[in-house]
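One-letter residues, chain by chain:
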Amino acid sequence: MSALLSVDGLTKHFPVRGGLLNRAKAVVQAVDDVSFEVAVGETLGIVGESGCGKSTTARLLMHLVPLDRGTISFDGKSIGAREDLSHRDLHRQMQMVFQDSYASLNPRLPVSMSIAFGPLVHGTPKSAALARAIDLLQAVGLDPLLFANRYPHELSGGQRQRINVARALALEPRLVILDEAVSALDKSIEAQVLNLLIDLKERFDLTYIFISHDLNVVRFISDRVMVMYLGKVVELGPVGRIYRDPKHPYTKALLGAMPSMDTRRRTKEAPLSGDPPNPINPPSGCRFRTRCQFAEAVCAAAPPTLEMDGNGRAVACHMLVPGSGHSLA
Amino acid sequence: MRGVPPVVSVENLRVRFTTPDATVHAVNGVSFDLERGRVLGILGESGSGKSVTLRALIGLLPPRRSHVEGRITVAGHDITAMGEAELREVRGTSIAMIFQEPMTALDPVFTIGEQIAETIVRHEGISHSEAWRRAHELLEMVQIPSASRRLKNYPHEMSGGMRQRAMIALALSCRPSVLLADEPTTALDVTVQIQIIVLLRQLQQELGMAVVFVTHDVGVAVEVADHIAVMYAGRFVETGPADSVIRSPAHPYTGGLLASTVLGAAQGQRLEAIPGAPPDMTLLPFGCSFAPRCRFADARCGLDLPPEIALASDHMARCLRVAAGEIEVTPPKLDKLRLGDAA
């Protein structure tokens, strides 16, 4: 397995401005020292609650927001560096689908033009770009004769999301970032779009980063999963093993909080109390310690490092590091 | 249970919305009874008419643009026959409602304590200080930490989960016998959602309320409901005890919905998705509304509206082919019903 994308020490802090002179009063530590790799052909799922930094991570990868620190390299070439991959080249290779299907399409363009827009900007002749749009409409399961000349408001949410997938594929990217791409859809439509994503991945040899708050969907579509909490990665590894045997207390709580589908085994007690804390001035040391039932002095003193074991699994918790000072270590 | 009069009784409820261009048939003949202390979960996708049904129960539909037919009785009150002034008396005391978005349900310019106390004074005519004391008890009941301080908070000073608890306290302030819940956990993170679900279930049992809980999430319905009604195109297509509906779904739509909830599906394999999209509610198909998307549908399904077929005690489905014993819906794999179970 070779890495298609590798990310090292990704960090983004947003200043919160206010007051008379509009000075920075505080900092939102949206993403803090996040490192991971995505192998060719795999699907990496990213899960976490609101404010955990999963969407900011996606935007940093696409360079939609400038990063503070860290390096991103695609297929061995670092992004932004002069001799390597320019942003323009990057967007040929890496595309994104957003949650809000309506906001990500131009309301004044027929959908076939929205799909052809990327190739046109990148220098494809108009007729070739439109022909590609027609092919892609077919590929995402929409009849070009019926849909090519429609406007976004004439489509349902599921159909619009198919258009967004087609638009993302128009430049023949190798990596597609799906940021809550099926979250706004009804269950029956969500299942159709998930099936489509699986088919397209095979057909076009794609690699996915799949971001969602829905743990069921992430388990279904991902090969590996990365769990984030307040801007930090807390656990990373193969999806089956993490869901079967979560190691980090937060991952355990997250999985335990999923509603049961079994009327005879309802959830008796919520695994965590309270809401996730504000990412402005997060807790010192381990950011999860304020909600963790096992927290001890060492958790406040030092942040745990993400320790990778031999089987491609990583956990950031003092309890799992012998000699860390935690009584359960 | 026979003999116990239901606290909510709905007979053949129909709701239409008229616009200059078209008429939307949002609810098309819904009937159910709910006893004290029971929870009915209405499960449906967007546009199925589940929220409209709920709003009709508390008389919240816009009077000039909506047309409501049928009979709704809540705690002995005939809701459909009531005027706005009478409804105002019933709301809060007999029937209360909680919403998905607490920020729009709470008044942003009053503190939580003021809003709860005002409601109690208005309905029960007790003194303000007495009402404030009750508000304090209510915040403790919904497990808001440091209740005295929180009473003086404005809604924007609270987190999402805390606001949802405050809204529940407000709804329960005059001890309603019926609580309506419109997707109250949908906007919350999973770890907060489960806290609210556990709290609601506990309060419902302590206070013996009847609850009608509307959701699009099968898991949430299973966690809260004794009885589940699956709604499609303005009708209940299957109703029954939660256990029977989930373990042995009879209607093809229920089966499809369970199959597309992903849980239990093998990783990376295609899901058994329901094809097509929900019908246009201005132009409902003749006969069974689900027939155009149903893989079992035949010619008869397009002709007649399927009647309610009793399957087992309390379990009903509206499907001609199920009635004729011609089809059987595959139940979900039981060993995989709970996430974290060995895959």
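Here, the structure is the one placed above.
Not measured: the values here are computed from a predicted model.

Participant: Before we move on, can you summarise unusual backbone geometry with the specific residues and values?
Facilitator: Residue and element names in this part refer to chain A. The phi torsion at H63 lies on the positive side, around 60°, for a residue other than glycine. If you trace the backbone, H63 turns up in the loop between α1 (54-61) and β4 (69-74). One non-glycine residue with positive phi stands out, namely N281, at about 50°. With respect to the secondary-structure elements, N281 resides in the loop between α10 (249-256) and α11 (297-301).

Participant: Go over the sheet that holds strand β3 (residues 39-43) of chain B, please, and point to the residues and values.
Facilitator: All names here are of chain B. In space, the 8 strands of this open sheet follow the order β6-β7-β8-β3-β9-β10-β12-β11, with mixed pairing throughout. Of all strands in the sheet, those with a lone pairing partner are β6 (95-98) and β11 (309-312), marking the two edges. Averaged over all pairs of adjacent strands, the angle between their axes in this sheet comes to 20°, without regard to strand direction. Where strand β9 (residues 227-232) and strand β10 (residues 235-241) come together, 6 bridges link them in antiparallel fashion. Its bridge partner being in β10, V230 is matched across the sheet by E238. Contacting β6 and β7 (178-182), helix α7 (residues 160-171) runs over the sheet at an angle of about 170° to β6.

Participant: I'd love a proper account of the nonpolar core, names of residues and values included.
Facilitator: Counting 193 residues, the largest nonpolar core has I209(A), L57(B), L180(B), V212(B) and V230(B) as its most contacted members. Here L180(B) is in contact with L54(B), L57(B), I58(B), I95(B), M97(B) and V212(B), once residues within four sequence places are set aside.

Participant: Hey, could you go over the packing of helix α3 (residues 111-121) of chain A against helix α4 (residues 126-139) of chain A for me, with residue numbers and the actual values?
Facilitator: Residue and element names in this part refer to chain A. Following both chains from N to C, one finds α3 and α4 inclined at 130°, their axes separated by 8 Å at the closest point. Comparing their axes, α4 and α3 come out oblique. Crossing angle aside, the handedness with which α3 passes α4 is right-handed. Contact residues: S112, I115, A116, P119 and L120 in α3; K126, A129, L130, R132, A133, I134, L136 and L137 in α4. Of the residues that constitute the contact of α3 with α4, the class distribution is 10 nonpolar, 1 polar and 2 charged.

Participant: Explain the pairing of strand β8 (residues 207-211) of chain A residue by residue, including any values.
Facilitator: All names here are of chain A. Where burial is concerned, most of β8 is hidden: 5 out of the 5 residues are buried. Here β8 shows two buried faces, one formed by T207, I209 and I211 and the other by Y208 and F210. In terms of strand pairing, strand β3 (residues 43-47) meets β8 through 4 bridges, oriented parallel. The residue of β8 that forms the bridge with T43 is Y208. Relative to β8, strand β7 (residues 175-179) is paired through 5 bridges, and the arrangement is parallel. Within β8, the residue paired with L178 across the bridge is F210. Regarding the hand of the β-α-β motif, the stretch spanning β7, helix α7 (residues 187-203) and β8 is right-handed.

Analysis parameters
Residues numbered from 1 in each chain as written. Chains lettered and ligands numbered in written order. Predicted model: local features only at pLDDT ≥ 70, side-chain atom pairs only at ≥ 80, totals over all residues. Helix = DSSP H or I, 4+ residues; strand = E, 2+ residues; numbered from the N terminus. Pairing = 2+ DSSP bridges. Axes fitted to C-alpha atoms, helices over the stretch in contact; angles between N-to-C directions. Contact = placed C-beta atoms within 7 Å. Core = buried A, V, L, I, M, F, W, Y, C linked by C-beta atoms within 7 Å. Buried ≥ 20, exposed ≤ 12 C-beta atoms within 10 Å, placed from the backbone. Parallel < 35°, antiparallel > 145°, perpendicular 65-115°, else oblique. Left-handed = near helix turned anticlockwise from the far one by under 90°. Nonpolar A, V, L, I, M, F, W, Y, C, P; charged D, E, K, R; others polar. Right-handed = clockwise from strand over helix to strand, strands pointing away.

So, to be careful, I would describe these as geometric facts and stop short of saying anything about function.
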